[in-house]
Amino acid sequence: MSKTLFEKIWEKHVVKELSDGTALLYIDRHLVHEVTSPQAFEGLRMTGRKVRRQNLTFATMDHNVPTDDRSVIRDPISRAQVEALSKNCADFGVTLYDLDSDKQGIVHTIGPELGITLPGLTMVCGDSHTSTHGAFGTLAFGIGTSEVEHVLATQTLRQKKPKTYKVEYTGKLQPHVFSKDMILKLIGLIGTAGGTGYVLEYCGEAIRSLSMEARMTVCNMSIEGGARAGMIAPDDITFDYVSAEDRPFAPKGEAFEKAVEYWRTLPGDDGAKFDATITIDASEIAPQVTWGTSPGMVTDVTATVPEPGSVPGYSAGDVEKALEYMGLTPGTPLTDVSVDTVFIGSCTNGRIEDLRRAAKIFEGRKKADSVKLLVVPGSEAVRRQAEAEGLDKVFKGAGAEWRFAGCSMCLGMNPDQLKPQERSASTSNRNFEGRQGKGGRTHLVSPEMAAAAAIEGHFVDIRQWSNG
Amino acid sequence: MDRFETYTGVVGTLDRANVDTDQIIPKQFLKSIKRTGFGESLFFDWRYNEVGKPDQDFELNAPAFAGASVLVTRNNFGCGSSREHAVWAIAQYGFRTVIAPWAQRGDVRVPAFADIFRNNCVKNGVLTIELSSAEVDEIFSAVNASPGLKATVNLEAQTIALESGKSFSFEVDPGVKETLLKGLDDIAQTLEHESDISAFEATHNTQLG
């Protein structure tokens, strides 16, 4: 019978079908960070359990870490959480990339960089953006802390088999339109719960032509569409990325050749059935800007702030509440909306390609005086690479603060936060109320759109702007 | 985990859709390394005003909802971040049941709860009940008509009965039902399959997946 990419990987990892209709699923890689793991390690201590597969478990610290001066974490509670991770990793024998490591970074940025993420694997982390790794043809999804403890102790999870959803992007993207716009467009169409219960599989011409970095952006935000996992079938672009020389955990030489042979069998068979499908013409996607407090509240940059009652999937009341929080009036062109802060970074858009694209916009230009501009690489490896290419000089020349790696203002668990009513253009993934700081107003955009907003002080249609 | 036994409690309402886990428990409370102490921070940004006092405009602060243990809300509750702290906050506040409606969007039936949140609830003995929009509207109306209304949640029979007389039945996964009713320890249950896991590991290549 024809199988989808997801079905092939799922079936290969079922240890046992259980009597309650769930499956015991084997987990090949477990990533751990400081925020969602302390209670899980404590649970192991209380029950006298061990980490079952230390060699499949990797930890780093990213959410709490300062991005300016890394020598000290001033917030004592943040510091205690980071120290707890160090102690837990030492006690339980887990590899840790801490603030002294040149491999530290956002957990979803370093997994692929280090070759921990590989096609065909199952992968989990106590973090909803684990869906990022699906870009490699990996079944990767976020879990809660109880499940983190479960995986640490058993290397398995009890899971109900999700349904499958084919998301096909036909045609070619317009210049300056990004994978970020592709995923925001999808979320606008299906809503933030449209993918709940499904694994999304992205396919089509526009997906095939994306780099691995851009594919990761798409898969990263699957969760904003409600799907725990999003996947892209591996191809030569995937294998080239995995075979780069600085990926210590990826197979090498003959082992790599053998792996590629297997990975080529992973793409879905012709005629494989999906439970749901959607087709989007990529050539018609305009740069996207969110206007509300949910990633599904998104529209084309050429549009205006919508009227309550005119937005599919959201009640008039939902929209009114969102616009009140955002301080926006229906009918205002999005290009008239000014921003105070621009944040370029996060597990969505903090990779080297994102920084290259943003830097190209900043070349020879300066940010508007009214704008605070923060550029935060996703990992220390990205930071070094960017500095080797001179991108840091471009950013600093434009008036940006160039930082060390971490989650930073995506969720503001560290000191990088918006103040009440401050408005940001952000390359991150969530525009929820208070996400970047209590009372802060977030607009999600692509790296180029964020860079142009920093220069002009308001949103612009990057397609027109770059031509002009 | 405690067994989920039939109980009667006050129904509190939260009339918002797409409530995300950042709202259920904001980031500053995720720095704790403990599993307790989250109840006071539930819905923190909505629940307290600038000077840290309960905001009287926030629905759940209504005196009639004091001690509420059944939460009724709208579609896509618990979306966003995987933080289990959200469920710890809900449970430690005193809610043992959360009710929300599924929604129809085109051909797709959109579930009432986000996936990771719903799984996290099971691990903490919190029951999520999915009803139709019409049924949830009925519960909202009944509570609005008589704030402080109580309901009896019977997982064994899969019913929720309002003290005003109306009763609703709900679906639940058999495995979830058994786990909640028996208060089972998930990891201990899985470790009963230890020999299966070891046998699987003996042949499974974790480099190839």
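I will try to describe carefully the structure that is included in this document. Remember, it's a predicted structure, so these values are computed and weren't measured experimentally. (Residues numbered from 1 in each chain as written. Chains lettered and ligands numbered in written order. Predicted model: local features only at pLDDT ≥ 70, side-chain atom pairs only at ≥ 80, totals over all residues. Heavy atoms only, no water.)

A closer look at the overall build of chain B
The helix and strand inventory of chain B stands at 8 helices and 9 strands. Over its C-alpha atoms chain B spans a radius of gyration of 19 Å, differing by no more than 12% from the 17 Å that the globule rule assigns to 209 residues. Seen through its C-alpha atoms, chain B measures out along the principal axes to roughly 60 × 40 × 40 Å. Every one of the 209 residues in chain B was classed for burial, and the buried ones make up 56%. Long-range pairs, those at least 24 residues apart, make up 71% of the contacts in chain B with a sequence separation of at least 6. (Helix = DSSP H or I, 4+ residues; strand = E, 2+ residues; numbered from the N terminus. Rg over C-alpha atoms; globule rule 2.2 N^0.38 Å. Buried < 20%, exposed > 50% of the residue type's maximum accessible area, 1.4 Å probe, protein only. Contact = heavy atoms within 4.5 Å.)

Digging into the interface of chain A and chain B
If you look at the interface, chain A gives 82 residues, while chain B gives 60 residues. Both faces considered, chain A and chain B share a buried interface measuring about 5600 Å² in area, 52% of it formed by carbon and sulfur atoms. Area buried by chain A at its contact with chain B is led by Gln39, Arg52 and Arg158 of chain A, which between them contribute 10% of it. Here chain A and chain B share 11 salt bridges between them. Residue glutamate 201 of chain B pairs with arginine 52 of chain A through a salt bridge whose shortest N-O separation is 2.9 Å. At the boundary of chain A and chain B, one finds 40 residue pairs in polar contact (both at pLDDT 80 or more). Examining the composition of the side of chain A that touches chain B, we find that 7 residues originate from one element, helix α5 (residues 145–154) of chain A, more than from any other. Partitioning the side of chain A that touches chain B into residue classes produces 31 nonpolar, 30 polar and 21 charged. (Buried area = accessible area lost by both parts, 1.4 Å probe. Salt bridge = Lys/Arg side-chain N within 4 Å of Asp/Glu carboxyl O. Polar contact = N/O pair within 3.5 Å; in protein donor to acceptor, adjacent residues only side chain to side chain. Nonpolar A, V, L, I, M, F, W, Y, C, P; charged D, E, K, R; others polar.)

Quick notes on helix α16 (residues 447–456) of chain A
All names here are of chain A. Buried residues dominate α16, accounting for 9 of its 10 residues. Buried within α16 we find Pro447, Glu448, Met449, Ala450, Ala451, Ala452, Ala453, Ala454 and Ile455. A positive backbone phi angle near 85° is found at glycine 457, which sits one or two residues after α16.

So, the sheet that holds strand β10 (residues 198–203) of chain A
Within a sheet, adjacent strands bond to each other through the backbone by hydrogen bonds, running parallel or antiparallel. Residues and elements named next belong to chain A. Taking strand neighbours across the sheet as the criterion, the 4 strands line up as β11-β10-β9-β12 in an open arrangement whose pairing is parallel. This sheet does not close on itself; its edge strands, each paired only once, are β11 (229–232) and β12 (276–281). Mean inter-strand twist for the sheet, computed between neighbouring axes without regard to direction, equals 20°. As paired strands, β10 and β11 are joined by 4 bridges and run parallel to one another. Note on β11: the bridge partner recorded for leucine 200 is glycine 230. (Pairing = 2+ DSSP bridges. Axes fitted to C-alpha atoms, helices over the stretch in contact; angles between N-to-C directions.)

Structural notes on the packing of aromatic side chains
Enumeration over the complete set of coordinates arrives at 20 aromatic pairs over all chains. Seen in terms of ring centroids, phenylalanine 58 of chain A and phenylalanine 249 of chain A are 4.9 Å apart; in terms of plane orientation they differ by 70°. Their pairing is edge-to-face. One end of the pair, phenylalanine 58 of chain A, is in strand β4 (residues 57–60); the other, phenylalanine 249 of chain A, is in the loop between α9 (236–242) and α10 (253–263), and 191 residues separate them in sequence. Looking at phenylalanine 249 of chain A, the relative accessible area reads 30%, which means it is partly exposed. Aromatic side chains phenylalanine 395 of chain A and tryptophan 402 of chain A sit 5.7 Å apart centroid to centroid with 20° between the ring planes, which places their arrangement in the stacked category. By the burial criterion, phenylalanine 395 of chain A is buried, and tryptophan 402 of chain A matches it. Ring pairs connect the aromatic residues Phe239, Phe256 and Trp263 of chain A, which therefore count as one cluster. Residue placement shows arginine 96 of chain B over the ring face of tyrosine 7 of chain B; its charged tip is 3.9 Å from the ring centre. (Phe/Tyr/Trp six-rings, centres within 6.5 Å; stacked < 30°, edge-to-face > 60°. Lys NZ or Arg CZ within 6 Å of the ring centre and 35° of its normal.)

Quick notes on the sheet that holds strand β1 (residues 14–17) of chain A
Residue and element names in this part refer to chain A. Across the sheet, 3 strands lie side by side as β1-β2-β8; this open sheet has antiparallel pairing. Two strands bound the open sheet, and with one partner strand each, they are β1 and β8 (156–159). Strand-to-strand twist across the sheet, computed as the mean angle between neighbouring axes with direction ignored, equals 20°. Alignment of strand β2 (residues 23–26) against β8, held across 4 bridges, turns out to be antiparallel. Counterpart to leucine 25 in the pairing with β8 is leucine 157.

Some details on the environment of proline 420 of chain A
With respect to the secondary-structure elements, proline 420 of chain A resides in the loop between β17 (401–402) and β18 (423–426). Along the chain, proline 420 of chain A and arginine 441 of chain A lie 21 residues apart, while their C-alpha atoms are 8.0 Å from each other.

Describing the state of the cysteines
As used in these notes, a disulfide is a covalent bond between sulfur atoms, one from each of two cysteines. Residues and elements named next belong to chain A. Per the stated rule, a full pass over the model turns up 0 disulfides over all chains. Cysteine 347 forms no disulfide, and the closest cysteine sulfur to it belongs to cysteine 410, at a distance of 5.9 Å. Its relative accessible area of 8% is what places cysteine 347 among the buried residues. (Disulfide = S-S within 2.5 Å.)

A few points about the nonpolar core
One finds Leu139, Tyr169, Leu186, Tyr202 and Trp263 of chain A to be the most contacted residues of the largest nonpolar core, which totals 86 residues. Here this core takes 6 residues from helix α6 (residues 179–190) of chain A, the largest share from any one element. Beyond its immediate chain neighbours, meaning those up to four positions away, leucine 186 of chain A contacts Val167, Tyr169, Gly191, Leu200, Tyr202, Ile278 and Ile280 of chain A. Within the second largest apolar cluster, 61 residues are counted, among which are Cys347 of chain A together with Ile99, Leu162 and Phe170 of chain B. (Core = buried A, V, L, I, M, F, W, Y, C linked by side-chain atoms within 4.5 Å.)

Thoughts on the packing of α6 of chain A against helix α8 (residues 212–220) of chain A
All names here are of chain A. Orientation of α6 relative to α8, taken along the N-to-C sense of each, is 20°, at an axis distance of 8 Å. Classified by the interaxial angle, the pair formed by α6 and α8 is roughly parallel. Crossing handedness for the pair α6 and α8: right-handed. Two secondary-structure elements touch here, α6 through Ser179, Lys180 and Ile183 and α8 through Ala214, Thr217 and Val218. Taken together, the residues of the contact of α6 with α8 sort by class into 3 nonpolar, 2 polar and 1 charged. (Parallel < 35°, antiparallel > 145°, perpendicular 65-115°, else oblique. Left-handed = near helix turned anticlockwise from the far one by under 90°.)

A short note on α6 of chain A
Residue and element names in this part refer to chain A. Its 12 residues give α6 an end-to-end C-alpha distance of 17 Å, which sits within 8% of 16 Å, the value for a rise of 1.5 Å per residue. The buried fraction of α6 amounts to 9 of the 12 residues, a majority that puts the element mostly inside the structure. By the burial criterion, the buried members of α6 are Ser179, Lys180, Asp181, Met182, Ile183, Leu184, Leu186, Ile187 and Ile190. Just downstream of α6, glycine 191 is the residue with a positive phi angle, here 85°. (Expected span 1.5 Å × (residues − 1).)

Quick word on the side chain of serine 379 of chain A
Residue and element names in this part refer to chain A. Of note, serine 379 is situated in the loop between β16 (372–375) and α14 (380–388). A distance of 3.0 Å separates a polar side-chain atom of serine 379 from the backbone nitrogen of valine 382. With sequence-adjacent residues up to four places away left out, serine 379 is seen in contact with Gln104, Gly105, Thr109, Ile110, Glu113 and Ala405.

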